[in-house]
Amino acid sequence: MNKQLTELASFIKAGDQLNLKVSKKSSYWHLDHSCKVLHAISEALTTSQPKDYQPKYSLPKLMIMTTGFIPRGKGRAPKQTLPTGDLSTEALYSNLEKIKEAIKDLNDLSKNNNFKHPVFGYLNLKDAIKFMGIHTQHHLKIMRAIVSNNS
């Protein structure tokens, strides 16, 4: 996860870029969305009650968690993870610092601390951390494509 956060920071330095052949959203939008998702999942894991964990079978969950691949343009982000307002470099750096602090102690939580994904249902600590990496990687790929196609 730290390697991914370092790469996210590198996209701030590259400046906000848009390439409609890759995405309707800019690189800063993808970066801010990634931060919001990481923060929301970290917060949910930290405040959840292990007794509330209710695993369930989900084909999309099985496919994405097994392959580590999220198809582009298929999912819809929950409203609270959509970027709004300030996408300045200062705000993005601040968000990344908050994420680093939020994820620092996740591995100290109970294995059944959980996060309820809108499609997958409940993810325990291990699966939620794995999903955080998969989701971040998905948006890093998009940002890489935006930046490389603008070079």
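Because the structure is a prediction, the values reported are computed rather than measured.

## Regarding the overall build of the protein chain
From N to C terminus, the protein chain includes five helices and two strands. Each helix and strand of the protein chain, ordered N terminal to C terminal, gives the series α-α-α-α-β-β-α. Among the 151 residues that make up the protein chain, the fraction classed as buried is 44%. Sequence-distant contacts, at least 24 apart, represent 80% of the contacts inside the protein chain between residues at least 6 apart. Accessible surface for the protein chain amounts to roughly 8,700 Å². Of this, 54% is attributable to carbon and sulfur atoms. Charged side chains in the protein chain number 22 positive and 12 negative. The centres of these two groups are separated by 11 Å.

## Comments concerning the packing of aromatic side chains
Tallied over the full model, the rule gives one aromatic pair. Considering the side-chain rings of Phe-120 and Phe-131, the 5.5 Å spacing of their centres and the 85° angle between planes classify their relative orientation as edge-to-face. Here Phe-120 is found in the loop between strand 1 (114–117) and strand 2 (121–124), whereas its partner Phe-131 is found in helix 5 (residues 125–150), with 11 residues between them in sequence. Looking at Phe-120, the relative accessible area reads 3%, which means it is buried.

## Brief notes about the nonpolar core
Core analysis: the biggest nonpolar cluster contains 31 residues, and Leu-31, Ile-41 and Leu-45 have the highest contact counts within it. Elements supplying a minimum of two residues to this core: helix 1 (2–13), helix 2 (27–47), helix 3 (59–67), helix 4 (89–103) and helix 5. The leading source of residues in this core is helix 5, at eight residues.

## Considerations on the packing of helix 1 against helix 2
One can describe the packing of helix 1 onto helix 2 by two numbers: an axis separation of 10 Å at closest approach and a directional angle of 145°. The two elements helix 1 and helix 2 cross, and the hand of that crossing is left-handed. Contacts from Leu-5, Leu-8, Phe-11 and Ile-12 in helix 1 reach Tyr-28, Leu-31, Ser-34 and Leu-38 in helix 2. Across the contact of helix 1 with helix 2, the residue classes break down as seven nonpolar, one polar and no charged.

## Looking at the pairing of strand 2
Taken together, the four bridges between strand 1 and strand 2 define a ladder with antiparallel strand orientation. In the strand pairing of strand 2, Asn-114 is matched with Asn-124.

## Details of the side chain of Ser-48
Relative to the helices and strands, Ser-48 resides in the loop between helix 2 and helix 3. Side-chain polar atoms of Ser-48 contact the side chain of Asn-113, separated by 3.3 Å. Setting aside its immediate chain neighbours within four residues, Ser-48 contacts Asn-113 and Asn-114.

The rules behind each value
Residues numbered from 1 in each chain as written. Predicted model: local features only at pLDDT ≥ 70, side-chain atom pairs only at ≥ 80, totals over all residues. Heavy atoms only, no water. Helix = DSSP H or I, 4+ residues; strand = E, 2+ residues; numbered from the N terminus. Buried < 20%, exposed > 50% of the residue type's maximum accessible area, 1.4 Å probe, protein only. Contact = heavy atoms within 4.5 Å. Areas by Shrake-Rupley, 256 points an atom, 1.4 Å probe, with all protein chains shown as cover. Lys, Arg positive; Asp, Glu negative; His and termini not counted. Charge placed at Lys NZ, Arg CZ, Asp CG, Glu CD. Phe/Tyr/Trp six-rings, centres within 6.5 Å; stacked < 30°, edge-to-face > 60°. Core = buried A, V, L, I, M, F, W, Y, C linked by side-chain atoms within 4.5 Å. Axes fitted to C-alpha atoms, helices over the stretch in contact; angles between N-to-C directions. Left-handed = near helix turned anticlockwise from the far one by under 90°. Nonpolar A, V, L, I, M, F, W, Y, C, P; charged D, E, K, R; others polar. Pairing = 2+ DSSP bridges. Polar contact = N/O pair within 3.5 Å; in protein donor to acceptor, adjacent residues only side chain to side chain.

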